Amino acid sequence: MSCRLDIAVAGAGGVASSMAPALKEAGHSVRCVYSRTRESACTLADAIGSEWTVSLESLPHGVQVCIVMLRDDALKSLAPDIVKACGPDTLYLHTAGSVPMSLWQEAGAKHYGVLYPMQTFSRGKQVDWQQVPVFVEASPGDLDTVRTLAESISGHVQELSSDDRCRLHIAAVFTCNFTNRMYAIAQRLLERMDVPFSVMYPLLAETAAKAQKMNPAEGQTGPAVRGDHSVMDHHLQMLADTPEWAELYRLISKDIEDDRLRS
């Protein structure tokens, strides 16, 4: 395969809406975008000057690479149909953190791999792809192509097995998804006092900056790491009307305190 690849994209969500333009900017040809909804497929295709389809059967047969950026359940159920549509010579890649590469082999593909970008993506918000860590894996003989493709959009490419990528995905869920859920809870608590979430911005910035400069465990602060049970008990009383949040507070505080006692 040449450095300039003909690519079909299956999916038009947050990951695809960010990666497809990056692929085009890197010099690749994104020939077709598939999505189950016309609006999503058309919007992304128009943005990159590509064809679009809402039918898997219309994916270009014989395209060099097909990158599948669907939800995990859709990826698992549609993989055999995608392989059937594009044919045996296509290199099939998915971008899922916790789906093993063996999915493609089970779907009948001969050439396959994974192109996992460890970043959070949302429609309408572009990221600096050169700074996005991308983790790759591939079937025998295809790793160089997958690595070259990844390196065309990212300056941080690393090979990682399916098992280790799943562990990495768990770490990313804690770092991003769970942390963002804490932000959402904090916002709702603040709304009760008519205080804007923006008051947290300096705290967010300092916390993120500190985590990049020192061991996060060593940088832990707050009542749990101090063993201040009077404060924690008072907080739990104030959270009594939202028992699910109180339980989160209790479990996380206990984990912090237990870690302190072990160290």
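Everything that follows concerns the structure shown earlier in this document.
Right, let's walk through the structure included here.

Each value, and the rule that gives it
Residues numbered from 1 in each chain as written. Predicted model: local features only at pLDDT ≥ 70, side-chain atom pairs only at ≥ 80, totals over all residues. Heavy atoms only, no water. Helix = DSSP H or I, 4+ residues; strand = E, 2+ residues; numbered from the N terminus. Buried < 20%, exposed > 50% of the residue type's maximum accessible area, 1.4 Å probe, protein only. Contact = heavy atoms within 4.5 Å. 1 Å grid on protein atoms, 1.4 Å probe; cavity = no way out; pocket = protein on both sides within 12 Å on 5 of 7 lines; lining within 4 Å. Points joined across faces, edges and corners; volume = space filled by probe spheres on them. Nonpolar A, V, L, I, M, F, W, Y, C, P; charged D, E, K, R; others polar.

### Examining the overall build of the protein
1) Next: Within the protein, the regular secondary structure consists of 10 helices and eight strands.
2) Next: C-alpha extents for the protein along the principal axes are approximately 65 × 40 × 30 Å.
3) Next: Residue burial in the protein is summarised as follows: out of 263 residues, 38% are buried.
4) Next: Look at the contacts in the protein between residues 6 or more apart in sequence, and 56% of them connect residues 24 or more apart.

### Brief notes about the environment of Asn 215
1) Next: Relative to the helices and strands, Asn 215 resides in the loop between helix 7 (201–211) and helix 8 (223–226).
2) Next: Look at Asn 215 and you get partly exposed, because its relative accessible area is 40%.

### Describing the side chain of Thr 95
1) Next: Within the element layout of this structure, Thr 95 appears in the loop between strand 5 (91–94) and helix 4 (102–106).
2) Next: What Thr 95 contacts, discounting residues up to four positions off in sequence, is Val 15, Met 19, Ile 67, Val 68, Met 69, Leu 115, Tyr 116 and Pro 117.

### Considering the layout of surface pockets
1) Next: Empty space within the largest pocket amounts to approximately 2800 Å³.
2) Next: Forming the walls of the largest pocket are 48 residues, and the residues nearest its centre are Thr 179, Met 182, Gln 220, Ile 252 and Ile 256.
3) Next: Those elements that provide at least two residues to the lining of the largest pocket are helix 6 (162–191), helix 7, helix 8, helix 9 (229–238) and helix 10 (243–262).
4) Next: Sort the elements by how many residues they give to the lining of the largest pocket and helix 6 lands first, with 13 residues.
5) Next: Residue classes in the lining of the largest pocket are distributed as 28 nonpolar, 13 polar and seven charged.

Distances and angles like these do not, on their own, reveal function.
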